[in-house]
Amino acid sequence: MRAAGVIIHRSAGLLTAAFLFVSGLTGAIISWDHELDEWLNAELFEVHAGGPPLPYLELAARIQAADPRARVSNIPLQTEPGHSLLFGVQPRVNPDTGTLYKLGYNQVFIDPATGREIGRRDWGAVALDREHLLAFLYKLHYTMHIPDFAGINRWGLWFMGGIALIWLLDCFVALTISFPDRNRWTRSFAIRHGSRYQFNFDLHRAGGLWTWTILLILALSAVYLNLNRELFRPAVAAVTTVTPSPFDLRPQRPLNQPLEPRGDYAAIIAQAVEAAQGKGWQEPVGSASYNARFGIYQVRFFHPGQDHGSGGFGVRRLYYDGVTGDYLGEHIPGSGTAGDIFLQLQFPLHSGRIAGIPGRIFISFMGLVVAALSVTGVVIWAKRRGSVTAINAALSKPTAGTVAHR
């Protein structure tokens, strides 16, 4: 039984090693993506003009007027001193071709006091220049930049979700083969000072055991992040109650068939602010967005500087229909059924943001651990494969007194 487990673990490790190595290293970096991005691209994120900010909806209208091919998909509704405003944009459908326009950008940076456009960029583009580096690494982490085709833009998500699923299952296999027997189980946690091979083997086995629980959490949450609608949420819903979100209750539209909203941001934001006040929410309105593939407005509430979910479960949200403007539901972090909370925990755990700065530091460390385990595992396989090859070669040579057949 243990021999079969070794074969399974070796096969799973060789299949996933390269991808987990890249994902581990990039994960260690993107735990600090916002801070590093702002440091690398201060000219985009920092402004020096004083004065009160111009109306946010007016700035959004200016962006769309400057490029009618674009629809503003995310509007910031707060201004941090010394910071630009970051607007998200999406392409509209070209009526001549029936496909989306090729904008070449999906983010626009605006000086809030003057309304001046500071710059544009395509978040997630395959580019290594300073403006795109952090976004490139972020998307590499969970999609490997596998390109879209056949009108589907989820191939990378599905592929890395499959890698995460193999990793998750292999966590249990690795645990079962890590202990030689009941009397010598403690040696599996030790790193002995012997040959380089012995050190590498112990580092792989002991490193995986000491961090096993965290590795399991990272693998499980990675499956959630990449295969949420396809696998994770249905699996959780099969064993416990899960409250469907508005996005779960309607199908995702094809990429080239976005739903144009009939309402406008002003009415939706006003409605959301009134509803939040009625609910007694203390957080101010922070941003509003529109998802054209689902036809849903989303209004988020948070205090300035906390829009990245720097701690806990994230931020409060209200949802509205893009056609009728009707209220669709709310998201209150840390509330709901046991299944709801379990799902809400996955991203904060995976990113370390559930524990604030210390949690993010720890996740960066774990990213390096994942990369190291991938390397040491391949080294063990290569060493053993080399040893077997050498033994077979020795056995195939004729010994003294033996006549070699030609």
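Reference entry: report on the structure contained in this document. (Residues numbered from 1 in each chain as written. Predicted model: local features only at pLDDT ≥ 70, side-chain atom pairs only at ≥ 80, totals over all residues. Heavy atoms only, no water.)

## A word on the overall build of the protein chain
How we decide: Numbering of helices and strands runs from the N terminus; a helix is a DSSP stretch of H or I covering at least four residues, while a strand is a stretch of E covering at least two. Burial classification: accessible surface area is computed with a 1.4 Å probe over protein chains only, and a residue below 20% of its type maximum counts as buried, one above 50% as exposed, and the rest as partly exposed. Whether two residues are in contact is decided by their heavy atoms, any of which lying within 4.5 Å being enough. Methods summary: accessible areas were calculated by the Shrake-Rupley approach with a probe of 1.4 Å, and residue burial reflects only the protein chains presented. By the counting scheme adopted, Arg and Lys are positive, Glu and Asp are negative, and His together with the chain ends is not counted. Working definition for charges: the position is that of NZ of Lys, CZ of Arg, CG of Asp or CD of Glu.
For the protein chain, the helix and strand inventory stands at 12 helices and 8 strands. Looking at the 406 residues of the protein chain, the share that counts as buried comes to 41%. The long-range share in the protein chain, meaning contacts at least 24 apart out of those at least 6 apart in sequence, stands at 59%. For the protein chain, the exposed surface amounts to about 21600 Å²; the carbon and sulfur share of it is 63%. Once the 36 positive and 30 negative side-chain charges of the protein chain are each reduced to a mean point, those two points are 15 Å apart.

## Structural notes on the packing of helix α2 (residues 33-40) against helix α5 (residues 133-143)
Quick note on the threshold: Angles run from 0 to 180 degrees between N-to-C directions of axes, and those axes are lines fitted to C-alpha atoms, restricted for helices to the stretch in contact. In these notes the angle categories are as follows: under 35 degrees is roughly parallel, over 145 is roughly antiparallel, 65 to 115 is roughly perpendicular, and the rest is oblique. All residues other than Ala, Val, Leu, Ile, Met, Phe, Trp, Tyr, Cys, Pro, Asp, Glu, Lys and Arg, Gly among them, are scored as polar; the first ten of these are nonpolar and the last four charged.
Two elements in contact, α2 and α5, have axes whose closest approach is 9 Å; the angle formed by their N-to-C orientations is 155 degrees. Here α2 is positioned roughly antiparallel relative to α5, judged by the angle of their axes. The segment α2 lies against α5, with Asp33, Leu36, Asp37 and Leu40 engaging Leu133, Leu134 and Tyr138. When the residues that make up the contact of α2 with α5 are grouped by side-chain class, the tally is 5 nonpolar, no polar and 2 charged.

## Re the sheet that holds strand β5 (residues 285-291)
Strand pairing in a sheet relies on backbone hydrogen bonds. The paired strands run either parallel or antiparallel. Applicable threshold: In this description, strands pair whenever DSSP reports at least two bridges between them.
Pairing is antiparallel across the open sheet formed by 8 strands, whose spatial order is β4-β3-β2-β1-β5-β6-β7-β8. Looking at which strands have only one partner, the edges of the open sheet turn out to be β4 (117-121) and β8 (327-331). When strand polarity is set aside, the average angle formed by the axes of neighbouring strands in this sheet is 20 degrees. Alignment of strand β2 (residues 85-91) against strand β3 (residues 107-110), held across 4 bridges, turns out to be antiparallel. Across the sheet, the residue bridging to leucine 85 is isoleucine 110, located in β3.

## A short note on a nonpolar patch on the surface
Quick note on the threshold: By definition, no residue in a patch forms a salt bridge, and every one has over 30% relative accessible area; like charges are joined within 9 Å, nonpolar side chains (Val, Leu, Ile, Met, Phe, Trp, Tyr) within 5 Å. Whenever Lys or Arg places a side-chain nitrogen within 4 Å of a carboxyl oxygen from Asp or Glu, that contact is recorded as a salt bridge.
Taken together, Phe21, Leu25, Leu368, Val375 and Val379 make up a surface patch of nonpolar side chains, about 370 Å² in accessible area. Elements supplying a minimum of two residues to the nonpolar patch: α1 (2-30) and α12 (356-396). The element best represented in the nonpolar patch is α12, accounting for 3 residues. Relative to the elements of secondary structure, valine 375 occurs in helix α12. Classification of valine 375 by relative accessible area gives partly exposed; the value is 42%.

## Concerning unusual backbone geometry
Phi angles above zero are rare outside glycine, and methionine 144 is one such case at about 55 degrees. One can find methionine 144 in the loop between α5 and α6 (155-177). Although it is not a glycine, histidine 145 adopts a positive phi angle of roughly 55 degrees. Among the secondary structure elements, histidine 145 is positioned in the loop between α5 and α6. By relative accessible area, which is 15% here, histidine 145 ends up buried.

## Some points on the packing of aromatic side chains
Condition: Between 30 and 60 degrees the pair is tilted, below 30 it is stacked and above 60 it is edge-to-face, where a pair is any two Phe, Tyr or Trp rings, Trp via its six-membered ring, whose centres lie within 6.5 Å.
Applying the stated criterion across every chain yields a total of 20 aromatic pairs. Between phenylalanine 247 and phenylalanine 294, the ring centres sit 5.1 Å apart and the planes meet at 85 degrees, which makes this aromatic pair edge-to-face. Pair noted here: phenylalanine 247 is in the loop between α9 (228-239) and α10 (265-279) and phenylalanine 294 is in the loop between β5 and β6 (296-301), with a separation of 47 residues, a long-range link. With relative accessibility at 16%, the residue phenylalanine 247 sits in the buried group. With a centroid separation of 5.3 Å and 75 degrees between ring planes, the pair formed by tyrosine 265 and tyrosine 297 is classed as edge-to-face.

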